[in-house]
Amino acid sequence: MSQNLHAPFAEVQGGASLLLAFRAQPQRAVLILGGDQLAATRAFSALEADYTVVIMAHGGRASVCEELSWRADHAQLTIIDFATTLHEASTSNGTSSTFDDDIDAHALANYLDSHLNVSLVFVTETVLSSTPRRSRASAERLSAVCRARRVPVNITDTPVLCDFTLPAAHRVAGTPLQLAVATNGQGCRLGSRIRRELVARLPHDAGMAIARVGALRRLAGAHVDDETDAPTPNRPVAQRSPGASETDAERAVRRMRWVAQISEYWSYAHLATLTQEDMERLLSGDGPGLPFKTSGNERDAAAASSRHGLAVTPPAPRGRIFLVGSGPGHPGLLTVATRDILTQHADLVLSDKLVPEAVLALVPERVEVRIARKFPGNAEGAQQELMEAAVEAASRGLTVVRLKQGDPTVYGRAGEEILYFRERGFESVVVPGVSSALAGPVLAGIPVTQRGAAESFIVCTGVGRQGRDVVLPGYERARTLVILMGVARISQVLETLQMPESANRRDGHPYPAHMPIAIIERASMPDQRVIMSTLEHVVSALESSGAQRPPGMIVIGWSVLSLWGSGDVSVLDNGAEHGDEARVIRWLNGQRWRVVEGFNGDWGNLG
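Remember, predicted model here, so these are calculated numbers, not experimental data.

Analysis parameters
- Residues numbered from 1 in each chain as written.
- Predicted model: local features only at pLDDT ≥ 70, side-chain atom pairs only at ≥ 80, totals over all residues.
- Heavy atoms only, no water.
- Salt bridge = Lys/Arg side-chain N within 4 Å of Asp/Glu carboxyl O.
- Helix = DSSP H or I, 4+ residues; strand = E, 2+ residues; numbered from the N terminus.
- Buried < 20%, exposed > 50% of the residue type's maximum accessible area, 1.4 Å probe, protein only.
- Pairing = 2+ DSSP bridges.
- Polar contact = N/O pair within 3.5 Å; in protein donor to acceptor, adjacent residues only side chain to side chain.
- Axes fitted to C-alpha atoms, helices over the stretch in contact; angles between N-to-C directions.
- Contact = heavy atoms within 4.5 Å.
- Expected span 1.5 Å × (residues − 1).

Trainee: Explain the pattern of salt bridges to me, please; I cannot follow it from the model alone.
Mentor: A pair can form between side chains of opposite charge whenever their charged atoms are brought close. Scanning the model with the defined rule gives 29 salt bridges in all. Between Glu140 and Arg136 there is a salt bridge; the shortest N-O distance is 3.2 Å. Pair noted here: Glu140 and Arg136 are both in helix H4 (residues 136-148), with a separation of 4 residues, about one helical turn. Across the salt bridge formed by Glu416 and Arg413, the nearest N and O atoms sit 2.8 Å from each other.

Below is the structure:
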């Protein structure tokens, strides 16, 4: 049949599902046949919709999954055995954990006939991965029992026997918002994927916006349903003269039109932050204001002469705070997100002092940049100063970038800033960065893990909060130890790692004096320097190499030598520890240390 291009109404295309959102009535129940994890998932969905939930399973309570048993213990649902639903249960041979088509069909029929409050039935024992799995013939009998009693039934993995299917759904916690994706039985797994992607793109305050609009609707007149009103929120409303009387119904209709207007035009952020006072002012008889900017006198006069004004001017912009990691230093190691934020969105950049000039040079000249005034004895004061500056600027509607080196959550104090900003009404956005704990060793030719040399790695700090000592990990042959912020205290660090008795400063065995160590300074920058030695000689190596080049980091472990020259990946072989001192001598070519200036020139030309 050819398509009528001039049809006055939309063409019907069959094959869709009628999507409904059921509201449970008092004492209405959902019956679930099965005790597996899918049954628990169905039960949870029904409980969230305020249904009474009954689980019917072979073997009763003893056969169901842990979640269903827990919910039964907490009186959230009821679990019964198929056998106990039969009138002749007293003459049965007890419970059974296997399917019997006749018994199961009769048990279901008995239960539905004696419990007329059952609204929906789910059968989960037919899921393809079930062991044992209910047969197709048994499922057909159960479906027939439900349909004979006009009770809708869903039988898992058997679409032809289903009166309804469940979409891939997501509920925004703490709000009325639910999203559902239906594939009409054509691709459940793909539907779940689509749901996840939709949820990821959902404005973070959409759920709360709906909650606040719901409160506004109730205040306006809940008996009026704006969702079934005109297809446009702009349908004309009869104009009224000032002081004219108005019935309760007329007032409710007018208010609901206002609700429809703001639902259509106001931002989620504005809707989500509506207070009770905002709502009352919005729905007041004098109107909440005008949609355009006017002088104070004009606004006052207009408010006095109109009862239909609607303020649709967006609220003053609210600023944002980004906690951004700038990587180890080289601009080429910035993430795309970080580069975009710095070059396109920032109004104010609050930078740690260790962020190199090459990164700060990317910030446009129009953007103000402040460097943390952190120096010995003033770290806490400077930190507080930056946090206060961020809140003050964000309160003025600015986009603030709190720029940190490496990754902001790896010893970057991001956590305390997140909580500080949240307490003051700003939910900061954390943008990960390439951590120097990983990038620094790589740029020095050191893998933190390497087959045959290191099976794991651990990252720790060399100095605790307010300068206190920290507990360092003990020696494990197959593990690499990465210490950040420890070069300035290297003598104390080495003492802790090697002392026979740790005195609660080391968790584990002492490190051998011939253990390979590398000090990596200014990783990824043109003046990068790597000092390679052993625990025994590294202090002398550092002192003889001239002034330190912060920031620096320490890497300790057999991975330090694993890729040097022809490499050495036999460290973890049986008995390899007997040749450790010889392998260290080969690695250092008979010297006590080695210093490597700069880094791979080809890589340095990138970015």
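And the narrative resumes.
Trainee: Looking at this model, I keep getting lost on the pairing of strand E15 (residues 479-484). Mind explaining?
Mentor: If a strand is regular, its side chains alternate between the two faces of the sheet. Burial analysis of E15 places 6 of its 6 residues in the buried class, the great majority of the element. Both faces of E15 are covered, namely the face carrying Arg479, Leu481 and Ile483 and the face carrying Thr480, Val482 and Leu484. Both strand E13 (residues 456-461) and E15 contribute to a ladder of 6 bridges, which runs parallel. Bridging across to E15, Ile458 finds its partner in Leu481. Across 4 bridges, E15 lies against strand E19 (residues 552-556) in antiparallel orientation. Paired with Ile483 across the bridge in E19 is Ile554.

Trainee: Looking at this model, I keep getting lost on the side chain of Glu125. Mind explaining?
Mentor: Residue placement: Glu125 occurs in the loop between strand E4 (118-123) and H4. Side chain to side chain, Glu125 and Arg134 meet in a polar contact 2.6 Å long.

Trainee: Would you explain unusual backbone geometry in this entry?
Mentor: Where the residue is not glycine, phi is negative for most of them; where a peptide bond is considered, it is trans in most cases. Of note, the bond from Pro550 into Pro551 is cis; its omega dihedral lies within 30 degrees of zero at 0°. Here Pro551 is to be found in the loop between helix H17 (538-544) and E19. Positive phi, normally seen in glycine, also occurs at Ala75, with a value near 60°. When you line up the elements, Ala75 lands in the loop between helix H2 (66-73) and strand E3 (78-81). With a relative accessible area of 70%, Ala75 lands in the exposed category. The backbone of Met485 sits at a positive phi, close to 55°, despite the residue not being glycine.

Trainee: It is not clear to me how the sheet that holds strand E2 (residues 52-57) should be interpreted in this structure. Could you clarify?
Mentor: An order of E3-E2-E1-E4-E5 is seen for the 5 strands of this open sheet, with the pairing classed as parallel. A single partner strand is all that each edge strand has here, and the edge strands are E3 and strand E5 (153-155). Going across the sheet, the axis of each strand differs from the next one's by a mean of 20°, ignoring polarity. Pairing of E4 with E5, which is carried by 3 bridges, proceeds in the parallel orientation.

Trainee: How should I be thinking about the side chain of Thr338 in this particular structure?
Mentor: Checked against the element boundaries, Thr338 lands in helix H11 (residues 336-345). Of note is the side chain of Thr338, whose polar atom sits 3.3 Å from the backbone oxygen of Gly325. Within the local environment of Thr338, its side chain forms a polar contact with the side chain of Thr335, the two groups lying 2.9 Å apart. In this structure, Thr338 is in contact with Val324, Gly325, Val431 and Pro432, ignoring residues within four places of it in sequence.

Trainee: For this particular structure, what's the right way to read helix H13 (residues 379-395)?
Mentor: Three or four residues apart is the spacing at which side chains of an α-helix point the same way, because the helix has 3.6 residues per turn. Over its 17 residues, H13 runs 25 Å from end to end, which matches the ideal 24 Å to within 8%, given 1.5 Å per residue. All of the buried residues along H13 are Ala382, Gln383, Leu386, Met387, Ala389, Ala390, Val391, Ala393 and Ala394. Of the surrounding elements, those touching the buried residues of H13 are strand E8 (320-325), strand E9 (348-351), strand E10 (368-371), strand E11 (399-404) and helix H14 (414-423). Once H13 ends, the next one or two residues include Gly397, with phi positive near 90°.

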